[in-house]
Amino acid sequence: MSATRFPPHFTNSDHRQRCLVQLRSKNVPLEKYIYLNGLKGRDSNLFYDILLENMQEMVPILYTPTVGDACVNYSHIWRRPEGLYVSIEDKGRIREVLSTWPNLHDSRIAVVTDGSRILGLGDLGANGLPISIGKLDLYIAAAGIKPSSTVPICLDLGTNTQRYLDDPLYIGVRRPRPEAAEMDAFMEEFMEAMREVFPNLLVQFEDFSTDNAFKYLDVFRHKYPVFNDDIQGTGSVILSGLVNAARLSSAASNLPLADHKILFFGAGSAGIGVAKQLLSFFTTNGLTPEEARSRIYTVDSKGLITADRKGLQEHKKFFARTDYNGPPMTNLVDIINYVQPTALLGLSTLRNAFSEDVVKAMCNHNKRPIIFPLSNPVHLSEVDYPDAIQWSNGEVIFASGSPYKPVAHGNAVFEPGQGNNMYIFPGIGLGSILSKTRHVSDGMVEAAAFALAYSLNDEEKAAHLVYPRLSRIREISAGIAFAVIRQSQKEKLDNNAYLRTLPDADLLGLIQDKMWQPPVLQMRTVGRL
């Protein structure tokens, strides 16, 4: 007896197109996310094949901004196990829980979140797992990390968001988040167990609360191969964009690069992490570290951050001003007029914080002001691209955290930049894995930033872009991985001695050869049982 497994005229190319038609027929971004999630579960090779061919279309679904909706609703859209949950209730047996992962020996990269500060959406608890899944999808697509070597992990430590605790479908443990001592003990056991179970694993921390993000990066960065994408990845990608934006701004004003001034609106883990990374912009242009720090100003919900403010959080003290002795300055326009920055960076998650008055104040002090509203997702952006173009009469040098479409103004079409971490972290991860680095150093992160900045091709430079186009992401990731490997070798952090023997061209070729591609999909035909 015969049976038809596939229609008699089925072809893979037709089916690939059929999947795209089905995807595009859905009008709600979250429904697109659910569809793609199901496709990956049914046929992961086809999913990654389509992703690689349609990065510009699919990344905003799998990553920011739609992944935010997926996290908020994850307990309600959950369909199947996708990652590894490690619960606070697993304390004392975390090693046993980690050992249940099916690809122990292949595992090379883990993205770990505790769901406490997902994008700008707050404490989502166990609903944060899609962040880890989405980041790893981008490792696979952008840097060719083999899917079986990825480990998405959500630390289920409770939540302080009452609506989740009250939700009968919430998939996490129903308790408030632990106090510091309990959390610290859990993290120590978790990281030690990770090293024992996954001896070849690079760990990326993702979307921890501000204080914990800094704390656990500092505690673990010299003990394990670990980095924090919110602090180091965001800082690196914004450093890269600033390098190119400052060149454009200086070309219009003749201002020396070392004379730029940066105003940060938002001083959480991302804001301060980015600010620290941008110190190297100034030091590479001849300033001392102290002079570099003096070129950076920070603003939080209470206004300009000054050293004499009572109760100032520890991570905010580094950039606190000692040269302002007036009354608290809380109005952003007043702060801009006082500081006269060349660049305004938003990491506040305050929608429309950069009003028309703010943009025009920046224009009053700069021929081509640099304005980077970096908060994710779009509904938390400090200013929308069409408004920034209109209010600046097309003079703004713009990059955002979320994607925007090109805007027509006057007789020109303006193309926005997107300061997207996916430009950086896949290359850092690939380079760290291939070099078998013991630690991810500040120098490696900085090398990644400058590799990205210098990756613009002639056409992108002519278009005055600050970031390369996403269609070249694998080429870009290879170049970043190359820079990361060489920096790891320079600092003697690498454990892959063979790579040291390779000339530059051969090393770059090896990196490209190591990038995973979806297997060639053989055309399926009618079969018999």
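Here's a quick rundown of the structure. Computed from a prediction, not measured in an experiment: that's the story for all the values here. (Residues numbered from 1 in each chain as written. Predicted model: local features only at pLDDT ≥ 70, side-chain atom pairs only at ≥ 80, totals over all residues. Heavy atoms only, no water.)

## Notes on helix α18 (residues 425–435)
Right, so step 1: A large share of α18 lies buried, amounting to 11 of its 11 residues.
Right, so step 2: Looking at α18, one finds that the buried residues are F425, P426, G427, I428, G429, L430, G431, S432, I433, L434 and S435. (Buried < 20%, exposed > 50% of the residue type's maximum accessible area, 1.4 Å probe, protein only. Helix = DSSP H or I, 4+ residues; strand = E, 2+ residues; numbered from the N terminus.)

## Concerning helix α10 (residues 180–197)
Right, so step 1: In a regular helix each residue adds 1.5 Å, so 18 residues correspond to 26 Å; α10 covers 25 Å between its end C-alpha atoms and thus fits that length.
Right, so step 2: What α10 keeps buried is the set M183, F186, M187, E189, F190, M191, A193, M194 and V197. (Expected span 1.5 Å × (residues − 1).)

## Structural notes on the side chain of N420
Right, so step 1: Take N420: it is sitting in the loop between β14 (417–418) and α18.
Right, so step 2: One polar contact links the side chain of N420 to the main-chain amide nitrogen of M422, over a distance of 2.9 Å.
Right, so step 3: Apart from residues no more than four positions distant in its own chain, N420 is found in contact with V59, Y63 and V237. (Polar contact = N/O pair within 3.5 Å; in protein donor to acceptor, adjacent residues only side chain to side chain. Contact = heavy atoms within 4.5 Å.)

## Quick look at the sheet that holds β14
Neighbouring strands of a sheet are bound in pairs by backbone hydrogen bonds; such pairs are parallel or else antiparallel.
Right, so step 1: Spatially, seven strands are ordered β8-β7-β6-β9-β10-β11-β14 in an open sheet, and the strand pairing comes out mixed. Both edges of this open sheet fall to β8 (303–304) and β14, since each of them pairs with a single strand only.
Right, so step 2: In this sheet, strand β7 (residues 296–300) lies alongside strand β6 (residues 262–265) in parallel orientation, the contact comprising four bridges. By the bridge assignment, I262 is partnered in β7 with I296. (Pairing = 2+ DSSP bridges.)

## Here's the deal with the pattern of salt bridges
Right, so step 1: For the structure shown, the criterion picks out 31 salt bridges.
Right, so step 2: Here D300 and K316 are joined by a salt bridge, their closest N and O atoms 2.9 Å apart. Pair noted here: D300 is in strand β7 and K316 is in the loop between β8 and α15 (332–339), with a separation of 16 residues, a long-range link. Comparing D300 with K316 shows no difference in burial state: the two are buried.
Right, so step 3: The partner of D504 in a salt bridge is R486, with the nearest N and O atoms 2.9 Å apart. Of the two residues, D504 sits in helix α23 (residues 504–514) while R486 sits in helix α21 (residues 473–490), which places them 18 residues apart along the sequence.
Right, so step 4: With relative accessibility at 46%, the residue D504 sits in the partly exposed group.
Right, so step 5: Taken together, the salt bridges that share partners define one network made up of D90, R93 and E96. (Salt bridge = Lys/Arg side-chain N within 4 Å of Asp/Glu carboxyl O.)

## Digging into the sheet that holds strand β3 (residues 150–156)
Right, so step 1: Pairing is parallel across the open sheet formed by five strands, whose spatial order is β1-β3-β2-β4-β5. Edge positions in the sheet fall to β1 (84–87) and β5 (226–228), since each has one partner strand and no second. Within the sheet, the average angular offset between the axes of one strand and its neighbour, ignoring direction, is 25 degrees.
Right, so step 2: Here strand β2 (residues 109–113) pairs with β3 via five bridges, running parallel. Paired with A110 across the strands is V151, a residue of β3.
Right, so step 3: Where α10 meets the sheet, its contacts fall on β1, β2, β3 and β4 (202–206), and the angle it forms with β3 comes to roughly 160 degrees. (Axes fitted to C-alpha atoms, helices over the stretch in contact; angles between N-to-C directions.)

## Notes on the pairing of strand β11 (residues 397–400)
Right, so step 1: Of the two faces of β11, both are covered, the one formed by I397 and A399 as well as the one formed by F398 and S400.
Right, so step 2: Here strand β10 (residues 370–373) runs beside β11; their pairing, made up of two bridges, is parallel. Bridge assignment links I370 to a residue of β11, and that residue is I397.
Right, so step 3: At this point the chain moves from β10, through helix α17 (residues 385–392), to the parallel β11, and the crossover so formed is right-handed.
Right, so step 4: Pairing between β11 and β14: two bridges, direction parallel. Across the sheet, the residue bridging to S400 is Q418, located in β14. (Right-handed = clockwise from strand over helix to strand, strands pointing away.)

## Considering the packing of aromatic side chains
Right, so step 1: Counted by the stated rule, this structure contains 19 aromatic pairs.
Right, so step 2: Ring centres 4.8 Å apart and planes at 75 degrees place the aromatic pair F47 and Y48 in the edge-to-face group.
Right, so step 3: Centroid distance Y324 to Y338: 5.2 Å. Interplanar angle 65 degrees. Geometry classified as edge-to-face. Residue Y324 is located in the loop between β8 and α15, and its partner Y338 is located in helix α15; the two are separated by 14 residues in the primary sequence.
Right, so step 4: Feature note: the residues F205, F208, Y216, F220 and Y224 constitute an aromatic cluster, connected by ring pairs.
Right, so step 5: The ring of Y164 is capped by R163, whose NZ or CZ atom sits 4.7 Å from the centre of that ring.
Right, so step 6: A cation over a ring is seen here: R293 above F318, with NZ or CZ 4.5 Å from the ring centre. (Phe/Tyr/Trp six-rings, centres within 6.5 Å; stacked < 30°, edge-to-face > 60°. Lys NZ or Arg CZ within 6 Å of the ring centre and 35° of its normal.)

## Re unusual backbone geometry
Right, so step 1: Backbone torsion omega between T64 and P65 reads 10 degrees, so that peptide bond is classified as cis.
Right, so step 2: Tracing the sequence through the fold places P65 in the loop between α4 (55–62) and α5 (66–72).
Right, so step 3: The phi torsion at D207 lies on the positive side, around 55 degrees, for a residue other than glycine.
Right, so step 4: Mapped onto the elements of the fold, D207 is located in the loop between β4 and α11 (210–220).
Right, so step 5: D207 sits in the buried class, given a relative accessible area of 2%.
Right, so step 6: Look at Q340: it is not a glycine, yet its phi comes out positive at around 55 degrees.
Right, so step 7: Residue position: Q340 is located in the loop between α15 and β9 (343–346).

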